[in-house]
Amino acid sequence: MTEAPRPLGRRPLVAGNWKMNGLRKDLAEADKICAATAAGEAGDAEIVLCLPATLLAAAAASCEAAGVGLGGQHCHGAPAGPFTGDISAEMLKDAGATYVILGHSERRAGHNEGNASVREKSRAAFRAGLVAIVCVGETRAQREAGDAMAIVGSQLTGSIPGEATPETLVVAYEPVWAIGTGLTPTLKDIADMHRFIRERVEADIPGVGGSIRILYGGSVKPGNAADILSTPNVDGALVGGASLTAKDFMGVAGVFQDRRLAS
Ligand code: 13P
């Protein structure tokens, strides 16, 4: 298959989101992902593991040696202070992270995170030198009502700070109804939404929309990764369940090795 040339700066990115899964013994899977990445099994894709905060420091050395990025899964807006149970962007950075997921639908829904809060946290990420992976996506009811783009558009405009750059921000489109369900939008729906996201970011932050990386997330598995990752304006994937084992995660990221071998 011949791929359209990818604009400079949009290096493919496959990020794993372990969510609230993983004990120290599970770092064996992270180590396997590191070894496979170092062996070239992800081709030229960038690989990032967003682990529970308790595992970041323990995973930092092997990830760094393998060229695998580490990420947190949320952060507070302040650098430090009386916020029991919270974690700052600076703490994530100190533990070895270079990325942080912000505004995941599980936090928007379960922790009342609104767009303004996600924007504040994105600024905290920039302040600490982390790349923010800002998640957006509609619910099933919103899609069925024909509101998917309006919802995603307002999430983008409300959540992304105007000073974001392609170096500091990644957008992840994760339809809520596709997360953990085995359901995915059609490839046309993914293409339409990713084009819409690129245009909206360009309208909001001129000069940035064309080079920002837009990931698709929601039931990405080895069996559907090749199709999803070939869709226009899909620059990579944010992978939940399939990131918990090296076999499945490399089954997704391996799409990029296959492309390199084919070219
Ligand atoms: P699943 O891949 O398990 O559907 O999760 C997607 C997700 O929420 C990643 O952030």
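Now for a description of the structure that goes with this document. All figures in this text were calculated on a predicted structure; none of them were measured in a lab.

Some thoughts on helix 7 (residues 148-159)
- When the terminal C-alpha atoms of helix 7 are compared, their 16 Å separation across twelve residues agrees well with the 16 Å that a helix rising 1.5 Å per residue should span.
- Along helix 7, the positions that sit buried rather than exposed are A148, V152, G153, Q155, L156, G158 and S159.
- Looking at the buried positions of helix 7, the neighbouring elements they touch are helix 4 (105-110), helix 5 (115-128), strand 5 (131-136), helix 6 (140-144), strand 6 (169-173) and helix 8 (187-204).

With respect to the pairing of strand 2 (residues 46-50)
- With five of five residues buried, strand 2 lies mostly within the body of the structure.
- By the bridge criterion, five bridges tie strand 1 (residues 13-17) to strand 2 in an arrangement that is parallel. The residue bridging A15 from the neighbouring strand is V48, located in strand 2.
- In this region the chain leaves strand 1, passes through helix 1 (residues 27-38) and returns to the parallel neighbour strand 2; the handedness of that crossover is right-handed.
- Each parallel crossover has a hand, and for strand 2 linked through helix 2 (residues 53-66) to strand 3 (residues 69-72) it is right-handed.

Brief notes about the environment of R108
- Inspection of the secondary structure puts R108 in helix 4.
- Setting aside its immediate chain neighbours within four residues, R108 contacts G103, E113, G114, N115, V118, C135, V136, Q155 and S159.
- Among the polar contacts made by the side chain of R108, one reaches the main-chain carbonyl oxygen of C135 at a distance of 3.0 Å.

A few points about the site of the ligand
- By nearness alone, every residue bordering the ligand is listed as N17, K19, H104, E174, A178, I179, G180, G218, S219, L238, G240 and G241.
- The separation between an oxygen atom of the ligand and a polar main-chain atom of S219 is 2.8 Å.
- Here an oxygen atom of the ligand and a backbone polar atom of G241 are 2.8 Å apart.
- Bound to the protein, the ligand loses 96% of the 310 Å² it would expose on its own.

Some details on the state of the cysteines
- Here the structure, examined in full by the defined rule, presents zero disulfides.
- Unpaired in terms of disulfides, C63 finds its nearest cysteine sulfur in C34, a separation of 3.8 Å.
- Note on C63: relative accessible area 1%, which makes it buried.
- Between C135, a cysteine without a disulfide, and C50, which holds the nearest cysteine sulfur, the sulfur-to-sulfur distance is 8.9 Å.
- Judged by relative accessible area, C135 falls into the buried class, the value being 2%.

Topic: helix 1
- Helix length check: helix 1 (twelve residues) gives 16 Å between terminal C-alpha atoms against 16 Å at 1.5 Å per residue, within 8%.
- Turning to helix 1, its buried residues are L27, E29, A30, I33, C34, A36 and T37.
- One or two positions beyond helix 1, positive phi appears at G40, with a value near 90°.

Details of the sheet that holds strand 8 (residues 236-239)
- Overall, parallel pairing links the eight strands, which are arranged 1-2-3-4-5-6-7-8 in a closed barrel. Averaged over all pairs of adjacent strands, the angle between strand axes in this sheet comes to 25°, irrespective of strand direction.
- By the bridge criterion, two bridges tie strand 3 to strand 4 (residues 99-102) in an arrangement that is parallel. Bridging from a neighbouring strand, G72 pairs with V100 of strand 4.
- Most of the contacts of helix 7 go to strand 5, to which it runs at about 150°, and overall it touches strand 5 and strand 6.

Brief notes about unusual backbone geometry
- Positive phi, normally seen in glycine, also occurs at K19, with a value near 55°.
- Assignment of secondary structure puts K19 in the loop between strand 1 and helix 1.
- Phi at N112 is positive, roughly 55°, even though this residue is not glycine.
- With respect to the element layout, N112 can be found in the loop between helix 4 and helix 5.

Points about the packing of aromatic side chains
- Under the counting rule described, the total for this entry stands at one aromatic pair.
- The positively charged end of R140 is found above the aromatic ring belonging to W177, 4.6 Å away from the centroid.

Comments concerning the nonpolar core
- Judged by nonpolar contacts, the single largest core of 71 residues is most densely connected at L51, I160 and I197.
- Ranked by residues supplied to this core, first place goes to helix 10 (residues 246-262) with seven residues.
- If we ignore the near neighbours within four places in the chain, the residues touching I160 are R119, V134, L169, V171, V201 and I205.
- Judged by nonpolar contacts, the second largest core, of 13 residues, contains L13, Y99, V131 and C135.

Cut-offs used in this document
Residues numbered from 1 in each chain as written. Predicted model: local features only at pLDDT ≥ 70, side-chain atom pairs only at ≥ 80, totals over all residues. Heavy atoms only, no water. Helix = DSSP H or I, 4+ residues; strand = E, 2+ residues; numbered from the N terminus. Expected span 1.5 Å × (residues − 1). Buried < 20%, exposed > 50% of the residue type's maximum accessible area, 1.4 Å probe, protein only. Contact = heavy atoms within 4.5 Å. Pairing = 2+ DSSP bridges. Right-handed = clockwise from strand over helix to strand, strands pointing away. Polar contact = N/O pair within 3.5 Å; in protein donor to acceptor, adjacent residues only side chain to side chain. Near = heavy atom within 4 Å. Areas by Shrake-Rupley, 256 points an atom, 1.4 Å probe, with all protein chains shown as cover. Disulfide = S-S within 2.5 Å. Axes fitted to C-alpha atoms, helices over the stretch in contact; angles between N-to-C directions. Phe/Tyr/Trp six-rings, centres within 6.5 Å; stacked < 30°, edge-to-face > 60°. Lys NZ or Arg CZ within 6 Å of the ring centre and 35° of its normal. Core = buried A, V, L, I, M, F, W, Y, C linked by side-chain atoms within 4.5 Å.

The analysis is restricted to geometry; functional conclusions fall outside its scope.
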